[in-house]
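Below are the chains, spelled out letter by letter.
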Amino acid sequence: MIPELGHFALILAVLVALVQGVLPLIGAQRRDATLMALAKPAIRTQFLLIAFAFGCLMYSFATSDFSVANVAEHSNTQLPMRYRIAATWGSHEGSLLLWALMLAGWGAAVSLRSRNLPDVLLSRVIAVMGLVSVGFLSFLLFTSNPFLRLMPAAAEGQDLNPLLQDPGMVIHPPMLYMGYVGFSIAFAFAIAALLGGRLDATWARWSRPWTTAAWSFLTIGIALGSWWSYYVLGWGGWWFWDPVENASFMPWLVGTALLHSLAVTEKRGTFKNWTVLLAIVAFSLSLMGTFLVRSGVLTSVHAFATDPARGVFILIFLAIVIGGSLTLYAIRAGAVGGGAAFAMISRESMLLANNVLLVVACASVVLGTLYPLFLDALNLGKLSVGPPYFEAVFFPLMAPLVFLMGIGPLASWRQVKLPDLATRLKWAFMVAAVTSVLLPFTFGHWSPLVALGLFLGLWVVAATITAIWQRLSRAPQQGLAAKLAANSAAWYGMLLAHMGIAVFVIGVTLVKGYGVEQNVPLDVGQGVTIGVDTFTFRGVAPITGPNYQGLAGVVEVSRNGKVVETLRPEKRAYNSGMTMTDAAIDYGFFGDRYVSLGEPITDKGDSGAWSLRVYVKPFVDWIWGGAFLMAMGGFIAMSDRRYRLAVKQSLAGLAGARAA
Amino acid sequence: MKSLRFVLPLAVFLLLIGFLYVGLYRDPREVPSPLVNKPAPAFSLAQLDDPAKKLGPADMKGQVWLLNVWASWCVSCREEHPLLVQLAQANIVPVIGLNYKDTNALGKKWLADNGDPYKLSVVDADGRVGIDLGVYGVPETFVVDKSGVIRYKQIGPITAEALQQKILPLVRELQKS
């Protein structure tokens, strides 16, 4: 009964979404207040219906209702409750339902938070989101119904993929989808602006906080995914440039460009066409990412081979949504217009450089990800594109970007004098340069790439501190607290996010430069020494989990003859038949000690020697710490008061102008 | 001319959609063998039934033949085995077995239990020839033409579909030439 209710709620939701997508749009065109007024109740109803459906699916998982095919395939009675709940979005169908829920959730949030938006704009925004929702919900209902019954019901479920039975995996997809789907708001605003032909600073101010929110969630989502692959996959890497990762990284790069371009549009009224295009592209890449992951066109053919309907459906959906909006762009972008002029060296030109670098970086990721597909489609052979390509292309693009990041916040709009900028930043430059040349010696060996990476990170830190110092020392207010309060939350958020990039760059540089990876065969009692730490293998012992059996190795870490830490890497055999390794990690501010269990290598079986992976990863946690700071910066920036006040003021301004 | 600039994103996207559509019907996991259309690597291996005698691709020159990589430990080999036995009964094309990383006793017992579809089998106990052939999954089947050139490679078990639609038409065509 419960699954049928969920199914029914989904059918109602698609009907409501259809109303939401069509009638307010007509209303906005005809200036019909009654039709436009449908937008808000429609999106809220749609959200409640999908939330209800989602709850029904979750209930089926929680109660292990194996008469639902989706539950039988992805859950098990031995699965702990928290993973049963998480299994709701662990399957193809469930994750799409989560996608639709997020989309409706963002839409409902817009309807609640935008009380001061003009009706015409709001109804168009909500209607565009409704149309996207129609596409997604029909995809769910026609090709990926999560509520399909299994006749006869299974006695026991097949269990959730063990790789997903992990706390990181429980929150990674919701965060990632919050980000992906959040770009739909910037997209909807862009389409609404193109339809209305009016695009100004107010428009940018409305869409900015939403874009920042989406970007922050996406940042957290990607970082969690990266962290998860680091500790679950057992080989100590944090980014592999595989198509699924790239699928999330592409919208992030364009989303970052969009954030900066929106700033220019808001402050200076420039970059209008470009901002609109970025908003369309960011969401298009989110959709394309979903297509790439869900259709199996790049990674796994089996998901698709069993059901060709899915791939074709998403492709048609993509063609309509993206093709339609780009057509609209081609027709209307000319009407939107350019903007105010700016000098060769100004904050605008630096943000333009930022945009160009980010978009080129994104294009190179798209090319690398799809290149095998292009070649295959043209019958030019099969190949795969790996990390060497991405690293070779990425570094030369990111280095100037990070360098500019130090200068940008100090540059003024319209025009800036280069000598003046140089005077203001010379100390930051010198401190960063000297430190980055000397610091590598404390780690042992010196290499130019490490010095360069450190320089970029330290440069951003030093330049950011300079920016804060100069802003505060010039502030007319008395007392530090008053000086601090004189600056906007958006400004602090921006600086914090830039600091996050610096922390990230330093982490990447040091782990690449000084990480040690050893794959060694160790007999019981034998040890291996890396730096100051000695890792001694003490054998393996059996362990039993709720739905798996396994072996836990014991590895003692000693320093100067004293045991400082005992690591227990595991190898688990799940009852569902899958095995996985679970690395043991001693996390630290200055680096991690990472041990994972390989295979037994003698004929004595488990009790003999084992191959072990012993890694020392200096500053690796700074990578995710940096990403976390970026996201925090985003959240602080979107809390800026002006986003709440601005709308009222501009309306008051309009009313005043009319009165005069 | 200025408005053409705004059409560019749409054009790029349409091109992309075209590629994605074609890509949907391709199998990204299918790895073509670099050996196809190259001469079969030369080897001369002991025969399973009579280790004193040897056989290699040179001995098969002048006829179209199949090389089937099998092992007694290979589970998927059991899947394709009935098809191979049928093929042998139809007497269309000689099949040479390559007993891969196996022991002679187990190999012989397996053929005795399941039927022997091979004209004869050769022994590749240490898998050296397997490396030359680029074997990465057992079973694998190669179609070799009269001049000793590999014309097709089937990775994994032969299916009835692959046999009817790819292997047999190719064999007939090669036998005519």
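Residues numbered from 1 in each chain as written. Chains lettered and ligands numbered in written order. Predicted model: local features only at pLDDT ≥ 70, side-chain atom pairs only at ≥ 80, totals over all residues. Heavy atoms only, no water.

A. Here's a closer look at the overall build of chain B. Each helix and strand in chain B was counted, giving five helices and seven strands. For chain B, the succession of helices and strands along the chain, N to C, is α-β-β-β-α-β-α-β-α-β-β-α. For chain B, the C-alpha radius of gyration of 21 Å lies well beyond 16 Å, the compact-globule estimate for 177 residues. Summarising its shape, the C-alpha atoms of chain B cover approximately 80 × 35 × 30 Å along the three principal directions. Across the 177 residues that make up chain B, the buried fraction comes to 49%. Within chain B, one finds 20 positive and 17 negative side-chain charges whose respective centroids are separated by 8 Å. (Helix = DSSP H or I, 4+ residues; strand = E, 2+ residues; numbered from the N terminus. Rg over C-alpha atoms; globule rule 2.2 N^0.38 Å. Buried < 20%, exposed > 50% of the residue type's maximum accessible area, 1.4 Å probe, protein only. Lys, Arg positive; Asp, Glu negative; His and termini not counted. Charge placed at Lys NZ, Arg CZ, Asp CG, Glu CD.)

B. Up close: the sheet that holds strand 9 (residues 591–600) of chain A. All names here are of chain A. Within the open sheet, the four strands sit side by side as 1-10-9-8. Their pairing is antiparallel. Of all the strands in the sheet, just strand 1 (516–522) and strand 8 (584–586) have a single pairing partner and so form its edges. On average, each strand axis in the sheet is tilted by 15 degrees relative to the strand beside it, whichever way the strands run. Taken together, the seven bridges between strand 1 and strand 10 (residues 610–618) define a ladder with antiparallel strand orientation. Looking at strand 10, one finds that V520 is bridged to L612. Lying over the sheet, helix 9 (residues 201–232) contacts strand 8, strand 9 and strand 10, oriented at roughly 50 degrees with respect to strand 9. (Pairing = 2+ DSSP bridges. Axes fitted to C-alpha atoms, helices over the stretch in contact; angles between N-to-C directions. Contact = heavy atoms within 4.5 Å.)

C. Expanded view of unusual backbone geometry. The step from M151(A) to P152(A) runs through a cis peptide bond, and the omega angle for that step is -10 degrees. Looking at where P152(A) falls in the secondary structure, it is placed in the loop between helix 7 (119–143) and helix 8 (167–196). Despite not being glycine, N37(B) has its phi angle at roughly 70 degrees, a positive value.

D. Layout of the domain arrangement of chain A. All names here are of chain A. For chain A, the domain assignment lists domain 1 (1–160) and domain 2 (516–621). In this structure, domain 1 and domain 2 have C-alpha centres spaced 43 Å apart. Contacts between the two partners involve five residues from domain 1, matched on the other side by five residues from domain 2. Summing both partners gives a buried area of about 380 Å² for domain 1 against domain 2, and 43% of it is carried by carbon and sulfur. Considering only the side of domain 1, the residues that lose the most area to domain 2 are Q78, P80 and D159, jointly responsible for 82% of the buried surface there. The interface formed by domain 1 and domain 2 holds two residue pairs in polar contact (both at pLDDT 80 or more) in total. Grouping the constituent residues of the side of domain 1 that touches domain 2 by class yields two nonpolar, two polar and one charged. (Domains from an automatic or database assignment. Buried area = accessible area lost by both parts, 1.4 Å probe. Polar contact = N/O pair within 3.5 Å; in protein donor to acceptor, adjacent residues only side chain to side chain. Nonpolar A, V, L, I, M, F, W, Y, C, P; charged D, E, K, R; others polar.)

E. Spatial organisation of the pairing of strand 9 of chain A. Residues and elements named next belong to chain A. Buried residues dominate strand 9, accounting for eight of its 10 residues. Here strand 8 pairs with strand 9 via three bridges, running antiparallel. Paired with A584 across the bridge in strand 9 is V595. As defined by bridge partners, strand 9 adjoins strand 10 across eight bridges and the pair is classed as antiparallel. Bridging across to strand 10, G591 finds its partner in P618.

F. Spotlight on the side chain of N354(A). Residue and element names in this part refer to chain A. Within the secondary structure layout, N354 lies in helix 14 (residues 347–377). Residue N354 is classed as buried on the basis of its relative accessible area of 10%. Leave out the neighbours within four places in its chain, and N354 touches A257, H260 and L401.

G. The packing of aromatic side chains, seen in detail. Residues and elements named next belong to chain A. Taken as a whole and judged by the stated rule, the model has 45 aromatic pairs over all chains. Pairing F249 with W252 gives two aromatic rings, centres 5.9 Å apart and planes at 15 degrees, and the pair type is stacked. Note that F249 and W252 are positioned in helix 10 (residues 243–268) at a spacing of three residues, about one turn of the helix. Each member of the pair, F249 as well as W252, carries the same accessibility label: buried. Among the aromatic residues, those joined into a cluster by ring pairs are W215, W239, W241, F249, W252, Y389, F390 and F394. Here the basic side chain of R471 rests over the ring of W491, its NZ or CZ set 4.2 Å away from the ring centre. (Phe/Tyr/Trp six-rings, centres within 6.5 Å; stacked < 30°, edge-to-face > 60°. Lys NZ or Arg CZ within 6 Å of the ring centre and 35° of its normal.)

H. Expanded view of the pattern of salt bridges. Residues and elements named next belong to chain A. Applying the stated criterion across every chain yields a total of 16 salt bridges over all chains. In this structure, R208 engages E266 in a salt bridge whose closest nitrogen and oxygen atoms are separated by 2.4 Å. Taken together, the residues span a long stretch of sequence, with R208 in helix 9 and E266 in helix 10 at a distance of 58 residues. According to the relative accessible area criterion, R208 is buried, its value standing at 14%. R572 serves as the salt-bridge partner of D582, at 3.5 Å between the closest nitrogen and oxygen. In this pair, D582 is assigned in strand 7 (residues 579–582) and R572 in strand 6 (residues 570–574), connecting sequence segments 10 residues apart. As far as burial versus exposure is concerned, D582 and R572 are alike and both buried. Because the salt bridges share partners, they merge into one network encompassing D533, R559, D586 and R593. (Salt bridge = Lys/Arg side-chain N within 4 Å of Asp/Glu carboxyl O.)

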